[in-house]
Amino acid sequence: MTAAHPVTVHSARIVVPMTAPPIADGAVAVQDGRILHVGDRSWVVDQLAVSGTPFTERRWRGALLPGLVNAHSHLQYTGMASVGRRQYAGFEDWAAAFNEDYAEPHDWRAEAAAGAEASILAGVTSIADIVTDIEAATVLEDSGLGGIAYWEVMDWENEAWQTHGRDQVLAELERVPTTPGAGLSPHAPYSLDVAPLLELPDIVRQRGLRLHLHLGEAAFEGERIALGPVPGLDGVDGFGHGTDWHLANVPSFRAMRALGFGASATAFVDRLGVLGPDCHIAHGVYMTAADRALLRARGTAVALCPRSNAVIGLDPPPVADYLREGSPIAIGTDSLSSSPSLDLMADVTALHRIARAQGYGHRDLHERLLAAATLGGAHAMGLAVGPDRIGHLAVGARADLAVFDVDARTVPDAMAELVEGGAGRAVATVIRGVVRATAGTSRNQDVPRDVDDAHCVDDVARGVDQEES
């Protein structure tokens, strides 16, 4: 008879399930990579005792959360940190620096692996990873991270797409691993003509995959105001008549703008059928209330990347509006080519500061931003439900956990401490029940019980006949 898989109880002063109220002195029991119990520590231990299940307990100092979900990153650009350490005057200025560095020799596979390791050390367990060069396509699978590898598609004009582009992308998509997940990323409405933007969503949806694109990142994607009649187009005024552009049979977003139409990039891709519940976007900075309403109507979440926006020289994302309006949000670091680090909690802190500056005064801000960094990212990728669900601590979910060093003793104070200064505080990362990082050190397998860990209060095997001391 095969022995049952061992049970590990991870307990902490504060446990934050995300789909249930935070628990003071809580615990999560893990077996075979999945969550077996979540609740008060005494209750979890009692449940195991009643069922006659022996276990090993790891008692962590601080707060235990679901593993963080980075909803937008380019791990392969980890070696381009010199670009991200500078400050730029806008999107075009940053793009010139990016393109210059990108043209230099890079080991995309090794750089992506370094990004995966840095992410795990920061408490991240799943990533929406945009892959531009096929050498980096296996990084999520190789590192054991969850999430989706999105193959990036860009710079296709209509004629080239129809003659050979479609076939090329289909062949490239076959090379993207389906473990942990695969998808397509039409880069942006300004880098693809109408034909590929129309067909790429169909390619994805025929295969049951996911979509992810940059949208509302550059200022020129925003809606334009009316300027007057457009020469050569009788009866059509200029900027502002976004609902009429499709009647002019424009070949691309840039061509639409050249003709004088003022529809936003969001309205443009919506007309082409790109948005939907199987799609999430990154950045969402230059969005009107109407654009944000379109995202909500289509069930499309947005991954906010505030530190990347700041480096590039963009406006802050309208996070207060997203929160007030009830838009589904997630959080991304973007890459080291436009951000100081891959520590997602630094972006959480940045969003807190921006939301307060934009006048968001509700007391739920800490809770909502932590949810965006966990459950929100899982929802954005369609991974919050199903047999391999992530982003929350619930029975049957994948045992992805992150422990953060916080001094606060009460739940509200701990939440505030995490949101307002959580960067650099990840002390343990657990993926599928295996401890992958502790105290700033990566581990390829679970930590033996005799390993000293300054952030682990206790780590002992307990039988069902032993009393808790």
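Quantities reported herein were computed from a predicted structural model and do not represent experimental measurements. (Residues numbered from 1 in each chain as written. Predicted model: local features only at pLDDT ≥ 70, side-chain atom pairs only at ≥ 80, totals over all residues. Heavy atoms only, no water.)

A. Structural context of the overall build of the protein chain. Secondary structure assignment for the protein chain yields 15 helices and 19 strands. Counting all 469 residues of the protein chain, 59% fall into the buried class. Summing over all exposed atoms, the protein chain offers an accessible surface of approximately 18,700 Å²; the carbon and sulfur share of this is 52%. (Helix = DSSP H or I, 4+ residues; strand = E, 2+ residues; numbered from the N terminus. Buried < 20%, exposed > 50% of the residue type's maximum accessible area, 1.4 Å probe, protein only. Areas by Shrake-Rupley, 256 points an atom, 1.4 Å probe, with all protein chains shown as cover.)

B. How the structure looks around the pairing of strand β2 (residues 23–31). Both strand β1 (residues 7–15) and β2 contribute to a ladder of 8 bridges, which runs antiparallel. Paired with A12 across the two strands is G26, which belongs to β2. Pairing analysis gives 6 bridges linking β2 to strand β3 (residues 34–40), with the strands arranged antiparallel. Residue pairing for β3: A27 is matched across the bridge by G39. Counted between consecutive antiparallel strands, the loop separating β2 from β3 contains 2 residues, among which D32 sits at a positive phi close to 55°. (Pairing = 2+ DSSP bridges.)

C. Representation of the sheet that holds strand β9 (residues 210–215). The sheet built from 8 strands is open, its strands ordered β5-β6-β7-β8-β9-β12-β13-β14 with parallel pairing. Strands with a single pairing partner mark the edges of an open sheet, and in this sheet they are β5 (68–73) and β14 (329–331). Neighbour to neighbour, the strand axes of the sheet diverge by 25° on average, direction disregarded. Pairing geometry for β9 and strand β12 (residues 279–283), over 5 bridges, is parallel. Note that in β12 the partner of L213 across the bridge is I281. (Axes fitted to C-alpha atoms, helices over the stretch in contact; angles between N-to-C directions.)

D. Broad picture of the nonpolar core. Grouped together as the largest cluster of nonpolar side chains are 109 residues, with contacts concentrated most on V153, L184, F268 and I281. Apart from the residues lying within four places of it in its own chain, the contact partners of L184 are Y150, W151, V153, V169, L173, L200, I203, V204, R210, L211 and H212. Counting 18 residues, the second-largest nonpolar core is a separate cluster that includes V15, V28, V427 and V435. (Core = buried A, V, L, I, M, F, W, Y, C linked by side-chain atoms within 4.5 Å. Contact = heavy atoms within 4.5 Å.)

E. Up close: the confidence of the model for the protein chain. Averaged over every residue, the pLDDT of the protein chain is 91; residues scoring 70 or more account for 89%. Note on residues 229–243: pLDDT under 50 across the span, and 32 contacts to partners over four residues away in sequence or across chains. Between residues 445–454, whose pLDDT stays under 50, and residues either more than four places distant or in other chains, the model counts 19 contacts. (pLDDT = per-residue confidence, 0-100.)

F. Looking closely at the layout of surface pockets. Of the volumes computed, that of the largest pocket is approximately 520 Å³. Along its surface, the largest pocket is lined by 24 residues, and W94, F98, N99, M154 and H187 are the ones closest to its centre. A per-element tally of the lining of the largest pocket places helix α3 (residues 91–102) first, with 7 residues. (1 Å grid on protein atoms, 1.4 Å probe; cavity = no way out; pocket = protein on both sides within 12 Å on 5 of 7 lines; lining within 4 Å. Points joined across faces, edges and corners; volume = space filled by probe spheres on them.)

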